[in-house]
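Examining the three-dimensional arrangement
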Amino acid sequence: MQSSDVKRAVGAAAIAAMLAACSGGGGSQVAPTSPTMGGNAVGLGHHTFHFKPHWSAYASLIPEMLRPHGPMLLKGKVAPDIQRRGLYASEFSGTSILGYKKGNALNPGPICTVPFSVESPNGIAVDGAGNLIDPDGGTHTIIIGQGPNMCGATAATIADPFGQPADASSADALNGPIAVGNIFDNSSAGSNGSISVCSVAAGCTVNLTNPAMFELAGVAMDNSGNCWGDGIDPSGLATLTYFAGCSGGGVQATGFVNSSFGGIDIDASGNLVTIDGFAPAVYVYSGCNPACTLVGGPFPLIGDAIFGHLNSKFNNKLATGNFVNGQIDIYRYTPTSLTYAYSFNNGLSPSLDVEGAAYNKRSPQ
């Protein structure tokens, strides 16, 4: 494999290499057909998308003297602050992380740009406090953007001495532990992937390895402090490794039937939502500590994706970074169903490998 100083994108290049390894060099992959995204057109294809106009569209029609002072009310509810709710998107070859309005079906451009430079991010994440977490592969650091508002300034930067960070998960990144997934660790060229346990106060102090994690893509930490790593073993088989309390040598989960590695999220019911980058598809499991029970899936995705995350409100949306078509794909989610809703690409480029997608606010887990 490649030496530890080479930046690795957990996406198109990695999947191509894995396909070649699995097929003996003679295999090929046909990308699924996805809706056309020419220019700024919304990728609805033949799907009908019904939406309600935002309240602000009517604000100008209300006479000034009748407008409320302070937060505007709609049907007795305070209108949401657009800067506190949205969706982040990152590109592996880009230099910025972009913030978009939630419900971006009409495909406007970003509402903000995170005010710090990034270098080769893969799977970005948001913690329970609304802080952005960038596992920055190019700089081998974990950069935390101040929340809960979208696109906050840098709050902390942590050096990762153990490898190239590719994914991260934390309930409270500024005050608690952060699980950081390294594609490979730094002990030697081609060594196993690993999970670094880090914090702002102490840095990265523990590095978790397991023979089943030869190359690691996704990592998840639940609110009880347990960790999972989604990767492949030396033969190219997909594996899920469970670390109770984010410590010890880990145990390979049973009943995990994904065909390839990908990102992990945890839904409001505690189910693991895993992305299968080869298929591409989503599988939902309960347990996996270490025995997995399949709850739902495989649910097909409209384009190749490695990373994605659930939203907070009702836990009913999943966003994925479609690196082939250079867009963010939005799906309606339940543990037993996944339905394509829409895509957006304004401000993104297929040539830069769109990979990360993370909601603010995130799933409760």
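Note that the structure is predicted; figures quoted are calculated from it, not measured.

**A few points about the side chain of Asp265**
- Here Asp265 lies in strand S18 (residues 264-266).
- Separated by 2.8 Å, the side chain of Asp265 and the backbone nitrogen of Leu310 make a polar contact.
- Residues within four places of Asp265 in sequence aside, it is in contact with Asn271, Leu272, Val273, Gly308, His309 and Leu310.

**Here's the deal with the packing of aromatic side chains**
- Enumeration according to the criterion identifies six aromatic pairs in this entry.
- Seen in terms of ring centroids, Trp228 and Tyr242 are 5.3 Å apart; in terms of plane orientation they differ by 40 degrees. Their pairing is tilted. Placement of the pair is Trp228 in strand S15 (residues 227-232) and Tyr242 in strand S16 (residues 238-243), with a sequence separation of 14 residues.
- The class for Tyr242 is buried, based on a relative accessible area of 13%.
- Taken together, Phe256, Tyr283 and Tyr285 form an aromatic cluster joined through their ring pairs.

**Description of the sheet that holds strand S25 (residues 337-344)**
- The four strands lie next to each other as S22-S23-S24-S25, forming an open sheet whose pairing is antiparallel. Each having just a single partner strand, strand S22 (305-310) and S25 make up the two edges of the open sheet. Along the sheet, successive strands turn relative to each other by an average axial angle of 25 degrees, direction set aside.
- Pairing analysis gives seven bridges linking strand S24 (residues 327-334) to S25, with the strands arranged antiparallel. Opposite Thr334, over in S25, you have Ser337 as the bridge partner.

**Comments concerning the side chain of Thr274**
- Secondary-structure assignment places Thr274 in strand S19 (residues 272-276).
- Since its relative accessible area comes to 0%, Thr274 is described here as buried.
- Polar side-chain contacts of Thr274 include one of 3.0 Å to the side chain of Asn258.
- Beyond its immediate stretch of four places on either side in the chain, Thr274 contacts Asp230, Phe256, Asn258, Gly263, Ile264, Ala281, Val282, Tyr283 and Tyr285.

**Digging into the state of the cysteines**
- The final tally for this structure, using the stated rule, is four disulfides.
- Covalent S-S linkage joins Cys198 and Cys204, the inter-sulfur distance amounting to 2.1 Å. As the torsion about the S-S bond is roughly 95 degrees, the Cys198-Cys204 disulfide counts as right-handed. Across the pair, Cys204 and Cys198 agree in class, each one buried.

**Considering the environment of Ala125**
- Checked against the element boundaries, Ala125 lands in strand S6 (residues 125-126).
- Residue class for Ala125 comes out buried when judged on its relative accessible area of 3%.
- Placed 140 residues apart in sequence, Ala125 and Asp265 show a C-alpha to C-alpha distance of 9.7 Å.
- If we skip the residues at most four places from it in the chain, Ala125 touches Asn131, Leu132, Ile133, Ala168, His309 and Ala358.

The rules behind each value
- Residues numbered from 1 in each chain as written.
- Predicted model: local features only at pLDDT ≥ 70, side-chain atom pairs only at ≥ 80, totals over all residues.
- Heavy atoms only, no water.
- Helix = DSSP H or I, 4+ residues; strand = E, 2+ residues; numbered from the N terminus.
- Polar contact = N/O pair within 3.5 Å; in protein donor to acceptor, adjacent residues only side chain to side chain.
- Contact = heavy atoms within 4.5 Å.
- Phe/Tyr/Trp six-rings, centres within 6.5 Å; stacked < 30°, edge-to-face > 60°.
- Buried < 20%, exposed > 50% of the residue type's maximum accessible area, 1.4 Å probe, protein only.
- Pairing = 2+ DSSP bridges.
- Axes fitted to C-alpha atoms, helices over the stretch in contact; angles between N-to-C directions.
- Disulfide = S-S within 2.5 Å.

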